[in-house]
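Report on the structure
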Amino acid sequence: MEEVQPPVTPPIDPNGKRSEASLLDICEKVLSLDGSTCDEALKLFTETKRILSANMSNIGSGTREEVERFWFAFILYSVKRLSVRKEGDDQLVSGDNGFNLCQILRALKLNIVDFFRELPQFVVKAGSVLGELYGADWENRLQAKELQANFVHLSLLSKYYKRGYREFFLTYDANAEKNSANSSSYLPDSYRFGWLLFLALRNHAFSRFKDLVTCSNGLVSILAILIIHVPCRFRNFSIQDSSRFVKKGDKGVDLVASLCKIYDAAEDELRIVIDKANNLVETILKKKPSPASECRTDKLDNINPDGLTYFEDLLEETSISTSLITLEKDYDDAVCSKGELDERVFINEEDSLLGSGSLSAGAVNITGVKRKIDALGSPARTFISPLSPHKSPAAKTNGISGANKLTATPVSTAMTTAKWLRAVICPLLPKPSPGLEHFLKSCDRDITNDVTRRAHIILEAIFPNSSLGAQCGGGSLQGVDLMDDIWAEQRRLEALKLYYRVLEAMCKAEAQILHANNLNSLLTNERFHRCMLACSAELVLATHKTITMLFPAVLERTGITAFDLCKVIESFIRHEDSLPRELRRHLNSLEERLLESMVWEKGSSMYNSLIVARPALALEINQLGLLAEPMPSLDAIAALINFSEGVHHASTIQNHETCPGQNGGIRSPKRLCTDYRSILVERNSFTSPVKDRLLALGNVKSKMLPPPLQSAFASPTRPNPGGGGETCAETGINIFFTKINKLAAVRINGMVERLQLSQQIRESVYCLFQHVLAQRTSLLFNRHIDQIILCCFYGVAKISQMTLTFREIIYNYRKQPQCKPLVFRSVYVDSLQCRRQGRIGPDHVDIITFYNEIFIPAVKPLLVELGPVRNDRAVEANNKPEGQCPGSPKVSVFPSVPDMSPKKVSAVHNVYVSPLRGSKMDALISHSSKSYYACVGESTHAYQSPSKDLSAINNRLNK
């Protein structure tokens, strides 16, 4: 088999002298760093310049000058972040001289978006060096994932604030001439004042848990303060507008209630945040507060003053400049010396530092030597399981201008989802309902106390109080603030109530399957309950969109692994009908991230089952040290968080998990999970029949009840109660492989569409992937399934003598919604095995090197068996394949891809919608062809604007 030649890039200056001189100039002359910081930066550069030279083509555009600038930025940011805490929390170290990431990027002429896009290369490649220089906890202290999440949140919040500001205030002085200098300068000042006050609120009041919902409430509180303090001539609204403002009684408009109606905020929470903002105005700006009811000003006309605070001359032109200077100084003192983002840049969208484009969807994470950083948000394109339809209540988008509703944004969606949590979950009791208690008491013994005690311990570990934050969360959880404790207690209660609610629904379904109320095997399983608690907590975290508690935090703090969580996600979705669409999407995306890479990582409990189900793989699994560590006992977690209540119950809870041979496993505290976005393939993790290893997707609507969950959490060596002569491990692995095949089918189909290949090629690539998964399973160990898929494409292309290059495959893969550059830039290889074979190389190589050195030697016999395939591009995309792979066992044909068929979206009209295929999307957005496409309903009236035309379409459908 012909090898692919990787691209050759001229190495960087071998001696590094010129590069070191450039770095030293930037440190001394541009950033004015002290000598010790300069020395530390040069030391880190010297230790990593060999890595830099070997990875020139993988960073930025690949030019030496640009790669150097990126590498310098990574070096300086690492020195700043890692040296800040190196000598302890009570000492200021040499690096603490006021420079931050924004100053670094300006000095190197880089922007924030590009910095975060390329940072994973440095984290993965230089991880071992950073570990040697700064200790094993360098990843926590680097805080790259928190910083990126903070950037994404602030980008969203700044747009949210700008939009709200423009809804309420004019861009000019209505009483002044157009050429007036004062009228042109006032608005930016008031706008900037609001943003700076919001930043002060974040820094002084929100502390560690800067979640999106809390910050959104903060911005709404700022708007409330601006509305009653900005001079009336700048208003863009009428206080008499009944579509915006709510009146309660005869005292005028209730401003807080009105803003809550517009922005889906909670009134009691908003009033608390407004009080905090008022306190900051008083303490930072030294303004004297007065009850609004005692003030006489036209700004308060027709507004109910009860509960409002007014500050004389707060936003008048005579005092605003002084206030801005004070807020700027407060921000400098609070943040800028910490090496974080200068969040004031978001006030100016034209600032080149922000960069163009965006950080695409997916949670942000860093993991081990293989740490990857993705962006934050929802998947751009998600396939949802037909077994978990969207059953959320109608999303209510409250408009602030009559019939024109607010377009859904990430911030407004978060506020709507939080409203569901308040309305549906919060009213529940924080204890098992009578229905759930019935199941708990119907076990071999009453386990109610065990269940409640476990829930409190695990949820306190996930949402620790501020005094315990540093113990449970590493370097990313800092600060002691009363609001942290209140926030954590509120989130614990929400997760607890959701846990009890879904657990009861699951028990009812399980009892129906088993025709019995005694669910002892399931309800006494420690791992099952921890998975349920982790799922509940993750939904609460996803609702509030926290910065410092990103997935997989719930896995680490509950002691479970990615493979464990896979077993409950689909059941959780199915048994909570009211779950909003965004939270369903979140869980679906989590499952995809688990399947595509996290379950294949070292320390996954999947290997504990695989070693039983596939004994032939035991030697390699043990050599690579892939087996999961024992799950920590509940007592150990309770001791870590100083949990003191009901310790005497612990021994009765632990027996089920500590038995030898159990499906043990937790990731090491030092080993986090790789984070990737996801498309959910259909079916629950344990809904397939025992022998149905390659079930076609078309059968997902079967009305058969799924096998009981208790078999999913049984010991791997235990015989499967469903029969068939298999162990529970074999059953679990068979179903797990089925889901992997389904996920691969979705991704292969997307690539075939982009590459415009025939269905025969699609079938062959899918067939090859199935064989690799079944017969060369070890190729996926410590890797991502997309890496195997890309190699399968090129392997089939080569044996079929197609003119398809790896460059073309990667180019089209970049357009896929789940694409991450690290997938093809950094593939794991076993360096110890390479050394045993006489080769010396790094732990991670590019996809072409992996294909040549690892993939082809292992898969060549399978490719030869597969044989050449004709690529007839004229074949219709929906033609069915004619047969199976020669000489293969019975293998399913390429499955139907979920959710690609049109779905009816109107109960009254025959209107159907289907997802836009990638190949059609490329054509749609090209300049040469966009004029050929029409919008539904376009010809019914004269074109106005996209928003108005789409609103007209929606109005017709809703009639």
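Residues numbered from 1 in each chain as written. Predicted model: local features only at pLDDT ≥ 70, side-chain atom pairs only at ≥ 80, totals over all residues. Heavy atoms only, no water.

**A closer look at the overall build of the chain**
What counts is decided by this rule: Elements are defined by DSSP. Helices are runs of H or I of four residues or more, strands are runs of E of two residues or more, and each kind is numbered from the N terminus. Burial classes: relative accessible area under 20% of the type maximum marks a residue as buried, over 50% as exposed, and values in between as partly exposed (1.4 Å probe, protein chains only). Two residues form a contact once any of their heavy atoms are found within 4.5 Å. All accessible-area figures derive from a Shrake-Rupley calculation using a 1.4 Å probe, and residue coverage is judged against the displayed protein chains alone.
The number of helices and strands found in the chain is 37 helices and eight strands. Scored against the burial criterion, the 959 residues of the chain give a buried share of 58%. Long-range contacts, defined here as pairs at least 24 residues apart, represent 76% of the contacts in the chain between residues at least 6 apart. Surface summary for the chain: the accessible area is close to 39,300 Å², and the carbon and sulfur share equals 52%.

**Here's the deal with the packing of aromatic side chains**
The condition is simple: Aromatic rings from Phe, Tyr and Trp, taking only the six-membered ring of Trp, are treated as a pair when their centres fall within 6.5 Å; an angle between ring planes under 30 degrees marks them as stacked, one over 60 as edge-to-face, and anything in between as tilted. To sit over a ring, a charge needs its Lys NZ or Arg CZ within 6 Å of the ring centre and within 35 degrees of the ring normal.
The tally for this structure, following the rule as stated, stands at 33 aromatic pairs. An angle of 35° between the planes, with centres 5.9 Å apart, marks the rings of Tyr161 and Trp195 as tilted. Residue Tyr161 is found in helix H8 (residues 144-168), and its partner Trp195 is found in helix H9 (residues 181-206); the two are separated by 34 residues along the sequence. Each member of the pair, Tyr161 together with Trp195, is buried. Three or more aromatic residues joined by ring pairs form one cluster here, namely Phe70, Trp71, Phe74, Tyr77, Phe115, Phe116, Phe122, Phe151 and Phe346. Positioned over the ring face of Trp487 is Arg491, at 5.2 Å from the centre of the ring.

**Notes on the side chain of His586**
Take His586: it is sitting in helix H24 (residues 581-596). Judged by its relative accessible area of 18%, His586 falls in the buried class. Discounting chain neighbours no more than four positions away, the residues touching His586 are Glu538 and Ala542.

**A short note on the pattern of salt bridges**
Here is the rule we go by: The rule for a salt bridge is simple: a side-chain nitrogen of Lys or Arg has to be within 4 Å of a carboxyl oxygen of Asp or Glu.
Per the counting criterion, the structure on display carries 33 salt bridges. Its salt-bridge partner being Glu328, residue Arg192 comes within 2.7 Å of it at the nearest N-O pair. Of this pair, Arg192 sits in helix H9 while Glu328 sits in helix H13 (residues 320-334), and the two are 136 residues apart along the sequence. With relative accessibility at 25%, the residue Arg192 sits in the partly exposed group. Taking the shortest distance from any N to any O, the salt bridge between Arg527 and Asp564 comes out at 2.6 Å.

**Side note on the confidence of the model for the chain**
Definition in use: Scored from 0 to 100, pLDDT records how confident the predictor is in each individual residue.
The pLDDT averaged across the chain works out to 75; a share of 69% of its residues lies at or above 70. Scored below 50 in pLDDT, residues 7-12 shows 12 contacts in the model against residues more than four places distant or in partner chains. Throughout residues 469-481 the model reports pLDDT below 50, and contacts reaching past four residues in sequence, or to other chains, amount to 34 contacts.

**Observations concerning the nonpolar core**
As a reminder, the rule being used: The criterion is simple. A nonpolar core is a set of buried Ala, Val, Leu, Ile, Met, Phe, Trp, Tyr and Cys residues joined through side-chain atoms within 4.5 Å. Residue ranges assigned to the domains are those given by an automatic or database domain assignment.
Grouped together as the largest cluster of nonpolar side chains are 142 residues, with contacts concentrated most on Phe463 and Trp600. Counting contributing residues, this core receives three or more from each of domain 3 (428-468 + 481-641) and domain 4 (734-866). Beyond its immediate chain neighbours, meaning those up to four positions away, Phe463 contacts Trp487, Ala488, Arg491, Arg492, Ala495, Ala537, Val540, Leu541 and Met549. Ranked by size, the runner-up nonpolar core spans 124 residues in total, among them Ala41, Ile104, Leu199 and Leu314.

**Some thoughts on helix H12 (residues 267-284)**
The condition is simple: To estimate how far a helix should reach, multiply one less than its number of residues by 1.5 Å. As used here, the arc belongs to the directions running from the helix axis to the C-beta atoms.
In this model, H12 (18 residues) spans 26 Å end to end at C-alpha, consistent with the 26 Å of a helix rising 1.5 Å per residue. Of all the positions in H12, only Leu270, Val273, Ile274, Ala277, Asn278, Leu280, Val281 and Ile284 are classed as buried. Projected onto a plane normal to the axis of H12, the buried residues spread over an arc of 155° and lie on a single side. Just downstream of H12 lies Lys286, where phi reads positive at about 60°.

**Concerning the packing of helix H30 (residues 759-775) against helix H35 (residues 847-866)**
As a reminder of what qualifies: With axes taken as lines fitted to C-alpha atoms, and helix axes fitted only over the stretch in contact, angles between N-to-C directions fall between 0 and 180 degrees. If an angle is under 35 degrees, it is roughly parallel; if it is over 145, roughly antiparallel; if it lies from 65 to 115, roughly perpendicular; otherwise it is oblique. Two helices crossing with the near one rotated counterclockwise from the far one by less than a right angle form a left-handed crossing, whereas a clockwise rotation gives a right-handed crossing.
Contact geometry for H30 and H35: axes closest at 10 Å, N-to-C directions at 140°. Of the possible angle classes, the one that applies to H30 and H35 is oblique. The two elements H30 and H35 cross, and the hand of that crossing is right-handed. In this structure, H30 contributes Ser764, Cys767, Leu768, His771, Val772 and Gln775 to the contact, and H35 contributes Val859, Leu862, Leu863 and Leu866.

**Brief notes about the packing of helix H29 (residues 728-755) against helix H32 (residues 806-813)**
Rule in force here: Here the nonpolar group is Ala, Val, Leu, Ile, Met, Phe, Trp, Tyr, Cys and Pro; Asp, Glu, Lys and Arg are the charged ones; every other residue, Gly included, is treated as polar.
Following both chains from N to C, one finds H29 and H32 inclined at 110°, their axes separated by 10 Å at the closest point. Here H29 lies roughly perpendicular to H32, going by the angle between them. By crossing handedness, the relation of H29 to H32 is classed as right-handed. Residues Met751, Arg754 and Leu755 of H29 pack against Glu808, Ile809, Asn812 and Tyr813 of H32. Counted by class, the contact of H29 with H32 contains four nonpolar, one polar and two charged residues.

**Description of unusual backbone geometry**
A cis geometry characterises the amide bond from Phe551 onward to Pro552, with omega recorded as 15°. For Pro552, the position within the fold is in the loop between helix H20 (526-544) and helix H21 (553-558). At Asp313, a residue that is not glycine, the phi angle is positive and equals roughly 60°. On the secondary structure map, Asp313 appears in the loop between strand E4 (309-311) and H13. A positive phi angle is found at Gln801, which is not glycine, with a value near 55°.

**A short note on the state of the cysteines**
Spelled out, the test is: Throughout, disulfides are identified as pairs of cysteine sulfur atoms within 2.5 Å of each other.
Tallying each qualifying case throughout the model produces zero disulfides. Of the cysteine sulfurs around Cys531, a residue in no disulfide, the closest is that of Cys535, at 8.4 Å. The exposure class of Cys531 is buried, given its relative accessible area of 0%.

**A closer look at the environment of Lys602**
Tracing the chain through its elements places Lys602 in the loop between H24 and helix H25 (606-613). Of the residues examined, Lys602 reaches a relative accessible area of 37% and is grouped as partly exposed. Spatially, the C-alpha atoms of Lys602 and Leu626 are 4.4 Å apart, while their sequence positions differ by 24 residues.

**Remarks on helix H16 (residues 448-462)**
Between the first and last C-alpha of H16 there are 21 Å, a value that for 15 residues agrees with the 21 Å anticipated at 1.5 Å per step. H16 sits mainly inside the fold: 13 of its 15 residues count as buried.

**Brief notes about the environment of Arg814**
Examined against the element boundaries, Arg814 turns out to sit in the loop between H32 and helix H33 (822-825). Residues Arg814 and Phe824, spaced 10 residues apart in sequence, show a C-alpha to C-alpha distance of 9.7 Å. Discounting chain neighbours no more than four positions away, the residues touching Arg814 are Cys819, Phe824 and Arg825.

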